[in-house]
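Coordinate analysis (summary)
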Amino acid sequence: MTQGISPATTLDDGIVATAESCLAAVGAAREAIHGVIFGQEKVVDLALVTILAGGHGLLVGLPGLAKTKLVETLGTVLGLDARRVQFTPDLMPSDILGTEILEEDAERRRAFRFVQGPVFTQLLMADEINRASPRTQSALLQAMQEGHVSVAGARHDLPRPFHVLATQNPIEQEGTYPLPEAQLDRFLLEIDVGYPDRAAERRILIETTGVDEARPRAVMSTEQLLTAQRLVRRLPVGEAVVEAILDLVRAARPDSGDALVKDKLLWGPGPRASQALTLAARARALIEGRVAPSVADVKALAEPVLKHRMALSYTARADSETIEGLIAKLAEKL
């Protein structure tokens, strides 16, 4: 995957040296994850893009498609401390953030001590996030956006890096609380997890029902991951790519967008979508062994970046339009 980077590029020598080591480490991590997760190559790559870009991801798919295993594998391979929280309607904010307890010492002096919740980790899996109440969802929102939580008026910083990979079942709606638009916008990508093809399912069948099952191994350290995340933000973005991102995001807005979507959307993506697309395009380039994103990266990431930041109008739904179809038409124009 990795190829030598010519110093003749616009990158300085320091970035070139960092890029060489990061390309090798990311390539090894990608290969290690694919050795455990079968038939979900695109999903794995998008999850890696999310983490390398420093963001959070929403995994949408039916049960049994290895979403939980993917998050566990990512944590092991990338050297991250990972925890899982099963979201339920009775889950309280303190069950995630932590709480203060009153303690008494040997001299009978009393004081409050903060006990950290599972959010104090580097990779948090929020399983079936739409089953939690809006109150609990909003508690996680602050952590995702600001990198710290507030309990009893005191600020508590989260570990670095901090990532949330949440899962959601697309067909089960009873007893769920749809995520508000403000929280959906905090997710860098919405990643659709589909069924594997026949060859991949055959491999799953054979390799996971025997005595020995493939297990993930640590390939990167936390420091290596942080270095790769810093590198992503330093990679150059060409003018053509910047213009393509702006054209795509601005075209997807109902008021001033492209004629294709103007009367078909209730709302469209804001500036955070442009930021997400820029970071994700850089991360995708790094995963594929390049040090600069292209317009092809923008097209490939258009759907996972924009899908959860747009909503169809009632008229468009009646006409059997889909968000995916509209995004594909806009991406074709780039």
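Parameters and conventions
Residues numbered from 1 in each chain as written. Predicted model: local features only at pLDDT ≥ 70, side-chain atom pairs only at ≥ 80, totals over all residues. Heavy atoms only, no water. Helix = DSSP H or I, 4+ residues; strand = E, 2+ residues; numbered from the N terminus. Rg over C-alpha atoms; globule rule 2.2 N^0.38 Å. Buried < 20%, exposed > 50% of the residue type's maximum accessible area, 1.4 Å probe, protein only. Contact = heavy atoms within 4.5 Å. Areas by Shrake-Rupley, 256 points an atom, 1.4 Å probe, with all protein chains shown as cover. Lys, Arg positive; Asp, Glu negative; His and termini not counted. Charge placed at Lys NZ, Arg CZ, Asp CG, Glu CD. Phe/Tyr/Trp six-rings, centres within 6.5 Å; stacked < 30°, edge-to-face > 60°. Expected span 1.5 Å × (residues − 1). 1 Å grid on protein atoms, 1.4 Å probe; cavity = no way out; pocket = protein on both sides within 12 Å on 5 of 7 lines; lining within 4 Å. Points joined across faces, edges and corners; volume = space filled by probe spheres on them. UniProt positions renumbered as here; feature names shortened; annotations may be inferred. Core = buried A, V, L, I, M, F, W, Y, C linked by side-chain atoms within 4.5 Å. Salt bridge = Lys/Arg side-chain N within 4 Å of Asp/Glu carboxyl O.

**Digging into the overall build of the chain**
The number of helices and strands found in the chain is 13 helices and eleven strands. For the chain, the C-alpha radius of gyration of 21 Å lies close to 20 Å, the compact-globule estimate for 334 residues. Classification of the 334 residues of the chain by burial places 49% in the buried group. A sequence separation of at least 24 residues applies to 75% of the contacts in the chain between residues at least 6 apart. Working note: accessible area of the chain is about 16,200 Å², and carbon and sulfur atoms make up 50% of it. Within the chain, one finds 37 positive and 44 negative side-chain charges whose respective centroids are separated by 1 Å.

**Points about the packing of aromatic side chains**
With the rule as written, the count across this model stands at one aromatic pair. Aromatic side chains Phe 114 and Phe 120 sit 5.8 Å apart centroid to centroid with 70° between the ring planes, which places their arrangement in the edge-to-face category. Take Phe 114: its relative accessible area is 16%, and that puts it in the buried class. You can call Phe 120 buried: its relative accessible area is 6%.

**Some remarks on helix α2 (residues 41-52)**
For α2, spanning twelve residues, the distance from its first C-alpha to its last is 16 Å, which sits close to the expected 16 Å at 1.5 Å a residue. By the criterion of burial, α2 is predominantly enclosed, with ten of the twelve residues buried. Among all positions of α2, only Val 43, Val 44, Asp 45, Leu 46, Ala 47, Leu 48, Val 49, Thr 50, Ile 51 and Leu 52 are buried. Just downstream of α2 lies Gly 54, where phi reads positive at about 80°.

**Quick notes on the layout of surface pockets**
In this structure, the largest pocket encloses a volume near 780 Å³. Lining the largest pocket are 33 residues, with Ala 53, Gly 54, Gly 55, His 56 and Arg 233 sitting closest to its centre. For the lining of the largest pocket, the elements supplying multiple residues, two or more each, are α5 (134-146), β7 (154-157), α8 (222-234) and α10 (271-287). Looking at which element gives the most residues to the lining of the largest pocket, the answer is α8, with five residues.

**Things to note about the UniProt feature "domain: ChlI/MoxR AAA lid" (unreviewed entry) in the chain**
According to UniProt, the "domain: ChlI/MoxR AAA lid" (unreviewed entry) feature falls on residues 261-324. Secondary structure across residues 261-324 divides into 56% helix and 8% strand, with the first and last C-alpha atoms of the span separated by 12 Å.

**Observations regarding the nonpolar core**
Leu 70, Leu 74 and Leu 78 are the most contacted members of the largest nonpolar core, which totals 73 residues. Within the second largest apolar cluster, 27 residues are counted, among which are Ile 96, Ala 132, Val 149 and Val 164.

**Some thoughts on α5**
Taking 1.5 Å as the rise per residue, α5 with 13 residues should run 18 Å; its terminal C-alpha atoms sit 18 Å apart, in good agreement. In this structure, the buried residues of α5 make contact with α4 (93-97), β5 (123-127), β6 (148-151), β8 (163-168) and α6 (181-184). One or two residues past the end of α5 sits Gly 147, with phi positive at roughly 75°.

**Thoughts on the pattern of salt bridges**
Within this structure, the stated rule accounts for 15 salt bridges. For Arg 230, the salt bridge goes to Glu 223, with nearest N and O atoms at 3.2 Å. Via salt bridges that share partners, Glu 190, Asp 192, Lys 307 and Glu 324 belong to a single interconnected network.

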